[in-house]
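The lines below spell out each chain.
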Amino acid sequence: MAKFDRYLLSQLMVLFGFFSLVLVLIYWINRAVVLFDQLIADGQSAGVFLEFTALSLPSVIRLALPLAAFAASVYVTNRMTTESELVVVQATGYSAFRLARPVLYFGIIVAFLMMILMHFLVPMSAARLAERQSDISQNITARLLTEGQFIEPINGVTFYIRHITPSGELQDIFLSDTRSSEQHVTYTATRAFLVNDTGETQLVMIDGLVQTLQLSGQRLSTTSFDDFAYNIGSLLEKTSKRGRRDSHLSTWELLHPTPEILVETGRSQAQLIARGHDRFSQSILGTVAALLGFATLLVGGFSRFGVWRQIVAAILLIVVVKAMETAGLNLARSDERFWVATYLPSVAGFAIVWFLLFWATRPYLFKRRAKEEAAS
């Protein structure tokens, strides 16, 4: 590799690492705040919160890497143009296509990282996250055993625990059940324990009182008890485990869906095949983003006023490529024969890059035509 290639590639990698870290932190913190509200509200521990945020990290990195590659390419090219480094290199005989070679190497590295994420890390983390979410939603103890808070697990039921001892004893229990249209029942107890009996979770209350209010006559009756068992399994809505989603499947399963997979995911064959090819297309777009940022800023050459117009044009071109991505994916989902449409943004992106590099190599083309039109 030539010395210039190594220099430009090292600059791109350093800035790519910086922008990746910043973008991942922004996306991850935003995701972590949402998870924190959900998990802490359900009484989960900090360990569960850290596990969930770690499992969501591959999906966050997948979103950040192409943007970081584009930002690094634009920043490095802008700096080298402003400091006249690219002008000096071009003066030695390097064409625009030759200058783009280290950027292509950089884009291939980004595409390789995206391949690992899209085909392995993201599906595995998404499947594990869905599995843990299902376990948490069915965990009665975690959702009910919260000290000092009135919890409403379902409409019409309010549950309160003043304190939970290290041995698992619940102290000062309050349980109000107003689901019935005929009577409201309130249970209070000084102590209670959770007991698993034949697959059902029972709340065994000790030394307590039952207050029953008959709504028709507004008659209140009270009953003291030494111990009383209440089935708290009915306090939580049972969530049936659904099959895997298409995001949890391997790429091979997506590209070769069986009838069982179609039933399990509830998706059509065209949708699964389109998602499988989209994983390849997303990886290639990492290379396109890097080259597009470099090629756009190379057009126009050095200017003491900067290259802000080229930067704006690069951002608009990225928006165009992303719009093509959406259109191509929707077309591929409509019919399995149109799976090739998922690669539309990649093909269009490389075509735009080639045109921009060709234009940068021959900057006089459009200028000459403009002069001829002005003269005529």
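The text that follows walks through the structure, step by step, so that each part is easy to find. (Residues numbered from 1 in each chain as written. Predicted model: local features only at pLDDT ≥ 70, side-chain atom pairs only at ≥ 80, totals over all residues. Heavy atoms only, no water.)

## Here we look at the overall build of the protein
Along the protein, the regular secondary structure elements total 13 helices and five strands. For the protein, with 376 residues in total, the buried portion stands at 41%. Residue pairs at least 24 apart in sequence account for 61% of intrachain contacts in the protein once pairs closer than 6 positions are excluded. Of the roughly 20400 Å² of accessible surface on the protein, a fraction of 61% belongs to carbon and sulfur atoms. (Helix = DSSP H or I, 4+ residues; strand = E, 2+ residues; numbered from the N terminus. Buried < 20%, exposed > 50% of the residue type's maximum accessible area, 1.4 Å probe, protein only. Contact = heavy atoms within 4.5 Å. Areas by Shrake-Rupley, 256 points an atom, 1.4 Å probe, with all protein chains shown as cover.)

## Describing the pattern of salt bridges
Within this structure, the stated rule accounts for 16 salt bridges. For Arg244, the salt bridge identified is with Glu253, shortest N-O distance 3.5 Å. With a relative accessible area of 30%, Arg244 lands in the partly exposed category. Measuring nitrogen to oxygen at the nearest pair gives 3.9 Å for the salt bridge that ties Arg275 to Asp246. Of this pair, Arg275 sits in helix H10 (residues 269-298) while Asp246 sits in the loop between strand E5 (219-231) and helix H8 (251-255), and the two are 29 residues apart along the sequence. On the basis of relative accessible area, Asp246 is assigned to the buried category, the value being 10%. Here the residues in one salt-bridge network are Glu51, Arg128, Glu131 and Arg132, joined through shared partners. (Salt bridge = Lys/Arg side-chain N within 4 Å of Asp/Glu carboxyl O.)

## A closer look at the nonpolar core
Judged by nonpolar contacts, the single largest core of 47 residues is most densely connected at Phe16, Phe106, Leu292, Leu298 and Leu357. Of all elements in the fold, only helix H1 (3-41), helix H3 (57-82), helix H4 (85-91), helix H5 (96-99), helix H6 (101-137), H10, helix H11 (308-334) and helix H12 (344-361) reach the threshold of two or more residues within this core. Among all residues touching Leu298, those that are not within four sequence positions of it are Leu86, Ala96, Leu99, Leu357 and Ala360. In terms of nonpolar packing, the next biggest core, distinct from the first, is built from 18 residues, Ile154, Leu170, Tyr187 and Leu203 among them. (Core = buried A, V, L, I, M, F, W, Y, C linked by side-chain atoms within 4.5 Å.)

## Some remarks on the packing of aromatic side chains
Under the defined criterion, the tally for this structure stands at twelve aromatic pairs. Between the aromatic rings of Phe225 and Phe228, the centroid separation amounts to 5.6 Å while the plane-to-plane angle is 45°, which identifies the pairing as tilted. The exposure class of Phe225 is buried, given its relative accessible area of 10%. Linked through ring pairs, Tyr187, Phe225, Phe228 and Tyr230 together constitute an aromatic cluster. Its guanidinium or amino end placed over the ring of Phe338, Arg337 lies 5.9 Å from that ring's centre, counting from NZ or CZ. (Phe/Tyr/Trp six-rings, centres within 6.5 Å; stacked < 30°, edge-to-face > 60°. Lys NZ or Arg CZ within 6 Å of the ring centre and 35° of its normal.)

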